[in-house]
Protein chains: 2
Amino acid sequence: MSLTVENIQKSYRKQAVLKDVSIDFKEETIYGLLGRNGAGKSTLLNIISARIFADSGSVRLDSQRLIGNEVLQNRLFLMSEDNLYPKSMKVNKIFKLTEAFYGGFDWELANHLTQAFNLNPKLAFKKLSTGYRSILKLIVALSVPADYIFLDEPILGLDASHRDLFYRTLIQTYSDRPRTIVISTHLIEEIANIIEEFIIVDNGQVIEQKSGEAIKQSGATISGSQALVASFTEGMDVIGKDGLGGLVSYYVRDYQAQVIPEGISVSPLNLQAYFVQVTQREGEA
Amino acid sequence: MSLTVENIQKSYRKQAVLKDVSIDFKEETIYGLLGRNGAGKSTLLNIISARIFADSGSVRLDSQRLIGNEVLQNRLFLMSEDNLYPKSMKVNKIFKLTEAFYGGFDWELANHLTQAFNLNPKLAFKKLSTGYRSILKLIVALSVPADYIFLDEPILGLDASHRDLFYRTLIQTYSDRPRTIVISTHLIEEIANIIEEFIIVDNGQVIEQKSGEAIKQSGATISGSQALVASFTEGMDVIGKDGLGGLVSYYVRDYQAQVIPEGISVSPLNLQAYFVQVTQREGEA
C-alpha cells in the first residue's frame, strides 16, 4: 500500500498556495504536518483527499490516481475544520450516515469515546460547542474503516483534559489497528511524542521532512538556572528560550557534545522552538 | 462604570447550562474565563453581550439593564467562535461595516495589525483559513470603541508565532487604552502572565474567582531532577507533573515553606495544572 503525492500545484486568483509539493506517505506511520497560518496545509489536505482539485500534479494510491475513483477515495478520510454536516442532524445520525457512506464503522470504539468525552449523542450538530464539534469529528475519523486518516487541527477548542484524552486515544487506536495518520496542528509540543515523522510546509512548499528523532538530535535543550545557562551557551546558536518554575531552557542548534558543568542539564531539542525558527518570516523577531 | 451579571440561569431543553451565575466585572481589568468543554462559557458570553436571552437574571451596565438598550449594548463587544460575517464580504469591507455599526473604529491599529499578521485585506471571509478568521476577528475586536471586550477562544487555529504576536498586541493596546478584556481560552499557561483575575466556570456555575497571584500562591511548582523532586515532595498534595528537558516539575497544593535542598527550585504554581485539578470530573485520572 502506498500513497504518493506528486508535484502538486494550486493557485487561487494567480496567488500560488501550493508551489510544487511531493510527499510519499509510508504505511502505518503517524505524521505531523506543521506550518505557519496560511502555509497551505489545509489546501494540501483537501487536495490529497480529493475534496478540491489541484491545478497540476497527482495523488496516487497503489499507483492509481484518486481523482474520479470513489472506491479509492473511501480509503482516505479527512477530518477538516469545515463543518460539513447538516446543522440539525443529531450526533448518532451522523455516525449512521458515516457508516452508510464508508461501508463500515467501529461502533464499539465510537460508543466508548462518546461516553469517555461525555458527548450527548442526541444533540444536533448546531447545538455543539466548538470543542464538542471537534470531539464529534474526531470520533468519526477514528471509527471509519479508512487506511489513511488526515486530521486537520483535530484539537481545536479542546480543553486540556480532553486534549490529553485525545492523545491517549490516538495511541490506543493506532496500536489496535495500525494505519497512517497525518495530524496538522499548531500545538506542536503536545503532540511531539506521538509523531514519528514531521513534514514542515512553508510558503506552499515542503521545506523539511524528518523523523522527530532526527530533529531532536539536530540540537539540544540546555536547562538550569538563568545565570548558569546563559554563561554555558555563550557563543552557541540559541534559537529560543523558555522558563518553567525557577529554571530556564535555552534551545540550541548544532549543539556539540562537551563536558557539562554541575547544575546544567542537556537534553534533546524542543520541537516548537525549532519549528518557530525554521519558519520565521522577515521582520518577525 | 460597572458591569454586573446577576443570577443568570439558562437551560436548553430542560438541561441547565447556566445554573446561577453572578459576576461583577471591574473596570480596566484583564480577566481569564476558564472552564472545561461544555462548562457554559460561550453561553455566558453570549448572554452578557445580549446575543441570546437568559431564562432569568440580569446584565447591567452602570445599573441599567442591557436588554433592549442598543446604546448600552454597543459598549460591549463579543468576538465569538461563530462566523457572523457574510461569506463573500471582504476583510476591508468588514472593517467598514464594523465602523458604521459601532460608530467608530481604530483604523491606525487595524491597518498596523493587518500588516503585522500578514492578513490580505482584499480577501473574502470565506477564503480565510481558520487561523486567519481568528486574526480578522481579533483585529475587529481590538479596534472597536467598546469598554468591555469579550474574546471567546481568540487564538483558535493561530500558529505559535501568531499567538505570541497576539499576546504582545493585547498588552500594548491595553496599555494604550485601558478597558476590561475578558478572555476565554483553553491554552491557560500561555495567557497566565497577561491575566489579572481568573474566573473558573464548571458545570454551569462560577466555582472560583481569584487573582492569578492568589492562585499561584496557593501552591508551588517544585522543579529539579526526577529523583530529587520525587523525594522532596513525598507526602505533599501533588496535583500534576510536567517534564522539560531533563528536568521535572511537580505541582503541589497547599505548599508549606521549608528549607529547600540544593538542586531543587520552588516557584509559584502552574495555572493549567491547578485548573485541570479543580475541574476534574469523576472517572477521569
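Only a predicted model underlies this, so the values are computations on that prediction, with no experimental measurement involved. (Residues numbered from 1 in each chain as written. Chains lettered and ligands numbered in written order. Predicted model: local features only at pLDDT ≥ 70, side-chain atom pairs only at ≥ 80, totals over all residues. Heavy atoms only, no water.)

A word on the overall build of chain A
Turning to step 1, where the next piece is worked out: A tally of helices and strands in chain A yields 10 helices and 14 strands.
Turning to step 2, where the next piece is worked out: Over its C-alpha atoms chain A spans a radius of gyration of 21 Å, differing by no more than 12% from the 19 Å that the globule rule assigns to 285 residues.
Turning to step 3, where the next piece is worked out: Considered along the principal axes of its C-alpha atoms, chain A spans approximately 65 × 45 × 35 Å.
Turning to step 4, where the next piece is worked out: Once local pairs closer than 6 in sequence are excluded, the contacts in chain A between residues at least 24 apart make up 68%.
Turning to step 5, where the next piece is worked out: Approximately 12800 Å² of chain A is accessible, and the part contributed by carbon and sulfur atoms is 47%.
Turning to step 6, where the next piece is worked out: Taken as two groups, the 29 positive and 33 negative side-chain charges of chain A have centres that lie 11 Å from each other. (Helix = DSSP H or I, 4+ residues; strand = E, 2+ residues; numbered from the N terminus. Rg over C-alpha atoms; globule rule 2.2 N^0.38 Å. Contact = heavy atoms within 4.5 Å. Areas by Shrake-Rupley, 256 points an atom, 1.4 Å probe, with all protein chains shown as cover. Lys, Arg positive; Asp, Glu negative; His and termini not counted. Charge placed at Lys NZ, Arg CZ, Asp CG, Glu CD.)

Observations concerning the interface of chain B and chain A
Turning to step 1, where the next piece is worked out: If you look at the interface, chain B gives 40 residues, while chain A gives 40 residues.
Turning to step 2, where the next piece is worked out: One can count two salt bridges joining chain B with chain A.
Turning to step 3, where the next piece is worked out: The salt bridge partner of Arg-36 of chain A is Asp-159 of chain B, with a shortest N-O separation of 2.8 Å.
Turning to step 4, where the next piece is worked out: At the surface where chain B touches chain A, the tally comes to 14 residue pairs in polar contact (both at pLDDT 80 or more).
Turning to step 5, where the next piece is worked out: Mapped onto the side of chain B that touches chain A, the elements with two or more residues apiece are α5 (130-143), α6 (160-176), β11 (219-224), β13 (247-253), β14 (265-268) and α10 (271-278) of chain B. (Salt bridge = Lys/Arg side-chain N within 4 Å of Asp/Glu carboxyl O. Polar contact = N/O pair within 3.5 Å; in protein donor to acceptor, adjacent residues only side chain to side chain.)

A word on the sheet that holds strand β1 (residues 3-12) of chain A
Neighbouring strands of a sheet are bound in pairs by backbone hydrogen bonds; such pairs are parallel or else antiparallel.
Residues and elements named next belong to chain A.
Turning to step 1, where the next piece is worked out: The antiparallel open sheet is built from four strands, whose spatial order is β2-β1-β4-β5. At either end of the open sheet lies a strand with only one pairing partner, and these are β2 (15-25) and β5 (64-65).
Turning to step 2, where the next piece is worked out: Strand direction decides the pairing type here: β1 and β2, joined by seven bridges, are antiparallel. Looking at β2, one finds that Lys-10 is bridged to Leu-18. (Pairing = 2+ DSSP bridges.)

What about the domain arrangement of chain A?
When the parts of a complex come together, some accessible area is lost, and that lost area is often used as the size of the interface.
Turning to step 1, where the next piece is worked out: Here the domain parsing of chain A yields domain 1 (3-211) and domain 2 (219-268).
Turning to step 2, where the next piece is worked out: Spacing between the C-alpha centres of domain 1 of chain A and domain 2 of chain A amounts to 36 Å. (Domains from an automatic or database assignment.)

Considerations on unusual backbone geometry
Trans is the common state for peptide bonds, and a negative phi is the common state for residues other than glycine.
Residues and elements named next belong to chain A.
Turning to step 1, where the next piece is worked out: Despite not being glycine, Ser-63 shows a phi value in the positive range, around 70°.
Turning to step 2, where the next piece is worked out: In this structure, Ser-63 sits in the loop between β4 (56-61) and β5.
Turning to step 3, where the next piece is worked out: On the basis of relative accessible area, Ser-63 is assigned to the exposed category, the value being 60%. (Buried < 20%, exposed > 50% of the residue type's maximum accessible area, 1.4 Å probe, protein only.)

Description of the pattern of salt bridges
Turning to step 1, where the next piece is worked out: Per the counting criterion, the structure on display carries 19 salt bridges over all chains.
Turning to step 2, where the next piece is worked out: Bridged by salt links that share partners, the residues Asp-62, Arg-75 and Asp-147 of chain A form one connected network.

Section: the packing of helix α3 (residues 91-102) of chain B against helix α4 (residues 107-116) of chain B
Residue and element names in this part refer to chain B.
Turning to step 1, where the next piece is worked out: α4 packs onto α3 with a crossing angle of 160° between their chain directions and a minimal axis gap of 12 Å. Compared by their axis directions, α3 and α4 come out roughly antiparallel. Between α3 and α4 lies a crossing whose hand is right-handed. On the side of α3, the interface is formed by Asn-92, Phe-95, Lys-96 and Glu-99, while α4 contributes Trp-107, Ala-110 and Thr-114.
Turning to step 2, where the next piece is worked out: A breakdown of the residues in the contact of α3 with α4 according to their chemical character gives three nonpolar, two polar and two charged. (Axes fitted to C-alpha atoms, helices over the stretch in contact; angles between N-to-C directions. Parallel < 35°, antiparallel > 145°, perpendicular 65-115°, else oblique. Left-handed = near helix turned anticlockwise from the far one by under 90°. Nonpolar A, V, L, I, M, F, W, Y, C, P; charged D, E, K, R; others polar.)

Considering the packing of aromatic side chains
Aromatic ring pairs are described here by two measures, namely the spacing of the ring centres and the angle between the planes.
Turning to step 1, where the next piece is worked out: Within the structure shown, the criterion is met by 18 aromatic pairs over all chains.
Turning to step 2, where the next piece is worked out: With 6.0 Å between their ring centres and 85° between their planes, Phe-25 of chain A and Phe-150 of chain A make a pair best called edge-to-face. Within this pair, whereas Phe-25 of chain A is found in strand β2, its partner Phe-150 of chain A is found in strand β7 (residues 148-152), the two being separated by 125 residues in sequence.
Turning to step 3, where the next piece is worked out: Given a relative accessible area of 5%, Phe-25 of chain A falls into the buried group.
Turning to step 4, where the next piece is worked out: Aromatic pair Phe-25 of chain B and Tyr-31 of chain B: ring centres 5.2 Å apart, planes at 85°, arrangement edge-to-face. As far as the burial class goes, Phe-25 of chain B and Tyr-31 of chain B line up, both buried.
Turning to step 5, where the next piece is worked out: These aromatic residues form a ring-pair network of at least three members: Phe-25, Tyr-31 and Phe-150 of chain A. (Phe/Tyr/Trp six-rings, centres within 6.5 Å; stacked < 30°, edge-to-face > 60°.)

Topic: the pairing of β4 of chain A
Residues and elements named next belong to chain A.
Turning to step 1, where the next piece is worked out: In terms of strand pairing, β1 meets β4 through five bridges, oriented antiparallel. When the bridges of β4 are listed, Glu-6 appears paired with Ser-58.
Turning to step 2, where the next piece is worked out: Relative to β5, β4 runs antiparallel, the two being bridged by two bridges. Paired with Arg-60 across the strands is Arg-65, a residue of β5.
Turning to step 3, where the next piece is worked out: Remark: two residues form the turn of the hairpin made by β4 and β5, two consecutive strands paired antiparallel; Asp-62 in that turn has positive phi of roughly 50°.

A word on the sheet that holds strand β3 (residues 30-35) of chain A
All names here are of chain A.
Turning to step 1, where the next piece is worked out: One open sheet holds the six strands; their spatial order is β6-β7-β8-β3-β9-β10, and the pairing between them is mixed. The two strands at the open ends of the sheet, each matched to only one other strand, are β6 (76-79) and β10 (205-211). For this sheet the average axis-to-axis angle between neighbouring strands, irrespective of direction, equals 15°.
Turning to step 2, where the next piece is worked out: Here helix α6 (residues 160-176) sits on the sheet in contact with β3, β7 and β8 (180-184), set at roughly 160° to β8.

A closer look at empty space enclosed by the protein
Turning to step 1, where the next piece is worked out: A complete count under the given rule lists two cavities of 30 Å³ or more for this structure.
Turning to step 2, where the next piece is worked out: Taken as a whole, the largest cavity holds about 170 Å³ of empty space.
Turning to step 3, where the next piece is worked out: Along its surface, the largest cavity is lined by 18 residues, and Ile-155, Gly-157 and Leu-187 of chain A together with Gly-157 and Leu-187 of chain B are the ones closest to its centre.
Turning to step 4, where the next piece is worked out: Here the lining of the largest cavity is composed, by residue class, of eight nonpolar, six polar and four charged. (1 Å grid on protein atoms, 1.4 Å probe; cavity = no way out; pocket = protein on both sides within 12 Å on 5 of 7 lines; lining within 4 Å. Points joined across faces, edges and corners; volume = space filled by probe spheres on them.)

Comments concerning the relation of the copies chain B and chain A
Both copies of the chain are placed relative to one another by a rotation about an axis and a shift along it.
Turning to step 1, where the next piece is worked out: Of the transformation placing chain B onto chain A, the axial shift is 0.0 Å and the rotation is 180°, giving an RMSD of 0.0 Å. The two molecules are tied by a two-fold rotation axis, judged by turn and shift. Nearest to the rotation axis, the C-alpha of Leu-156 of chain B is located 3.2 Å from it, this being the minimum over chain B.
Turning to step 2, where the next piece is worked out: Of all interface residues in chain B, 100% are interface residues in chain A too; the two copies therefore contact each other through one and the same surface. (Least-squares fit on C-alpha atoms with pLDDT ≥ 70 in both.)

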